[in-house]
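Spelled out, the chains give:
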Amino acid sequence: MTQPAAQLETEIARRRTFAIISHPDAGKTTITEKLLLYGGAIQEAGSVTAKEGRSHTKSDWMSIEQQRGISISSSALTFEYRGRHVNLLDTPGHQDFSEDTYRTLTAADSALMVLDAARGVQTQTEKLFAVCRNRGIPILTFVNKMDRPALDPFELIAQVEETLKITVVPLTWPIGDGPDFRGVYDLQTAQVLAFERTSGGKHRAPMQTAGLDDPQLDALVGRDLAAKLRADVELIQGAMPEFEASAFLAGELTPVFFGSAMNNFGVEHFLSNFVELAPSPGAALTNQGERDPEAPFAGFIFKLQANMSKQHRDRTAYMRVMSGHFERGMDVTHTRTGRKLRLSQAHTLFAQDREKVEEAYPGDIVGLVNPGVFQIGDVVSVDGKLLLPSFPRFTPETFATIALKDVGKRKAFMKGLTQLAEEGVVQVFYPTDGARDPYLGAVGPLQFEVFQARLAEEYGVEVEMNVTSYALVRWLAGDPSNVARFARHVEDDQGRPVMLFRSKYDLEYTAEQHPEIEFLPLPKDL
Ligand code: G4P
């Protein structure tokens, strides 16, 4: 069945695919939950899954995530809002899981940066922001936790502009903070949205509105805060740049909203603005030039996940539709291998609940059962020749040796090692003599723990791990026999020669002593 072009165009135009970037604890999980609430995907915030009196979104499904209360894996949550089809790519929040997050960001058309009103820009925000910047995607900002003592909003804006080098334009303005938080002023509609605390923050908060000159404003927010608001607005209108859609779409300007996700305040207002401002899927850069979303079907794999749930012990490849109309069961070509595939096992994922997907459009995320064919960055298409530019990979900063406790489990061990490395849980480096145990590379030690726990839980394999003193890795160019005599000469999972170092000094010393060794530059600094 081919689709009329007009329908494809309409579906593309109403798609909004985005990801949330934030430092752990800024409120990403809470906002995700509230967006789903307003999007009608769940009835009541907190109904998703209970975690000791606190809710956790459906995307947090693995037991280790529940134990630690962090989100490790990414999945896509989908809902309809005001005629728009919104795909929210759930990105893991913990700073140790950045590789997965980086990959997920390659599938987003825009990003929401969530800041803690008291903390402003934090380290993880900065890193993730840089990835979005590199991709040139538009970024919206939500300043969360206004119900707590917050930085002065002018100061916060200055901090964002200074650290992230982006123009900031507030679209709402907070009235008070902490216990005095009274709501926000919508600078576009010139209306005050008053904040009323509701018990538990479970339901949609009722909202009263008033204009700036409205005598009711004083009663609504108090005299002092009303006076301060009038002064602030005058200052903003006199001194701050106006919102400019083209600068926003180019990633040079971020519109800012204020609120309190936990109290359901400001999230729906954000969402209603988001669906108007954020872009629909655009052209993707490929080896064949720009791929228009209206071109025939093509999709790329941005994430792999093994053992999604106990009932379905399989591997899932997440595909983002780049162009055209996807239909379940369609025949495509897998560019890297040239193989013809039938995409019959497709599903969308709302955590454990799988729904068969019959069709999808550009910007949508489809989970494909992966019989070991797919790698990150792979393209499938009906016309067969498309490839993507290289995918971001993280450079590991900590390394552990890994040894199998029961040698009888070698086969399961190798399977787990390969599949978890494929997912990007860790990177694996193999000693070239084949006799010694492999090294694992990670950005932070928590990744090792996750690896160990998942190996035990999903593959029944116990391993012993020891963190080594290695702290740097460099890929090598030139003749690999130059480095053969070094014990710390290893190979990555694609057989490329690599050397490990204990420190920057160690690397510099080795380079000086052995000019015959050539190091490749690191992948683009992220
Ligand atoms: P994350 O995914 O970005 O890591 O953040 P998450 O939503 O888990 O929120 C981190 C903490 O901040 C949570 O508290 C959450 O309840 C709280 N929080 C989120 N939004 C707001 C807000 O608007 N105002 C206030 N005051 N707090 C907010 P927690 O202590 O981890 O859990 P809980 O004890 O509150 O359940």
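Being a predicted model, the structure only gives us computed values, none of them experimental. (Residues numbered from 1 in each chain as written. Predicted model: local features only at pLDDT ≥ 70, side-chain atom pairs only at ≥ 80, totals over all residues.)

I'd like a description of helix H5 (residues 123-135), backed by residues and values.
In this model H5 runs 19 Å from its N-terminal to its C-terminal C-alpha over 13 residues, within 8% of the 18 Å that 1.5 Å per residue would give. Of all the residues in H5, the buried ones are Thr125, Leu128, Phe129, Val131 and Cys132. In a view along the axis of H5, the buried residues occupy a sector of 155°, so they form one face of it. (Helix = DSSP H or I, 4+ residues; strand = E, 2+ residues; numbered from the N terminus. Expected span 1.5 Å × (residues − 1). Buried ≥ 20, exposed ≤ 12 C-beta atoms within 10 Å, placed from the backbone. Arc of directions from axis to C-beta.)

Provide a residue-level description of the packing of helix H11 (residues 410-423) against helix H12 (residues 446-459), including the pertinent values.
The geometry of H11 relative to H12 is characterised by a closest axis approach of 10 Å and an angle of 125° between their N-to-C directions. One way to sum up the angle between H11 and H12 is to call them oblique. Regarding H11 and H12, the two cross each other, and that crossing is right-handed. Contacts between H11 and H12 involve Ala412, Lys415, Gly416 and Leu420 from the first element and Phe451, Arg454, Leu455, Glu458 and Tyr459 from the second. (Axes fitted to C-alpha atoms, helices over the stretch in contact; angles between N-to-C directions. Parallel < 35°, antiparallel > 145°, perpendicular 65-115°, else oblique. Left-handed = near helix turned anticlockwise from the far one by under 90°. Contact = placed C-beta atoms within 7 Å.)

Let's hear about the nonpolar core: which residues, and what values?
If you look at the biggest cluster of nonpolar residues, it comprises 100 residues, and the most contacted ones within it are Ala111, Cys132 and Ile301. Sequence-distant contacts of alanine 111, that is, excluding residues within four places in its chain, are made with Phe18, Ala19, Ile21, Leu105, Cys132, Ile137 and Ile139. Within the second largest apolar cluster, 31 residues are counted, among which are Ile402, Tyr439, Tyr459 and Val498. (Core = buried A, V, L, I, M, F, W, Y, C linked by C-beta atoms within 7 Å.)

Help me get a handle on the sheet that holds strand S4 (residues 76-81), residues and values and all.
Taken together, the 7 strands give an open sheet; going across it, the order is S4-S5-S1-S6-S7-S13-S8, and neighbouring strands pair in mixed fashion. Of all the strands in the sheet, the pair left with one neighbour each is S4 and strand S8 (167-170). If you compare each strand with its neighbour and ignore which way they point, the axes differ by 30° on average. As paired elements, S8 and strand S13 (residues 253-258) share 4 bridges and run parallel to each other. Bridged to proline 170 within S13 is valine 256. Packing against the sheet, helix H6 (residues 153-164) makes contact with strand S7 (139-144), S8 and S13, and its axis sits at approximately 150° to S8. (Pairing = 2+ DSSP bridges.)

Please provide a residue-by-residue account of the pairing of strand S11 (residues 191-194), values included.
In summary, the side chains of a regular strand alternate between the two faces of the sheet. Where strand S10 (residues 183-186) and S11 come together, 4 bridges link them in antiparallel fashion. Each residue of the ladder has a partner; that of aspartate 186, found in S11, is glutamine 191. What sits between the antiparallel neighbours S10 and S11 is a turn of 4 residues, in which alanine 190 has the positive phi angle 55°.

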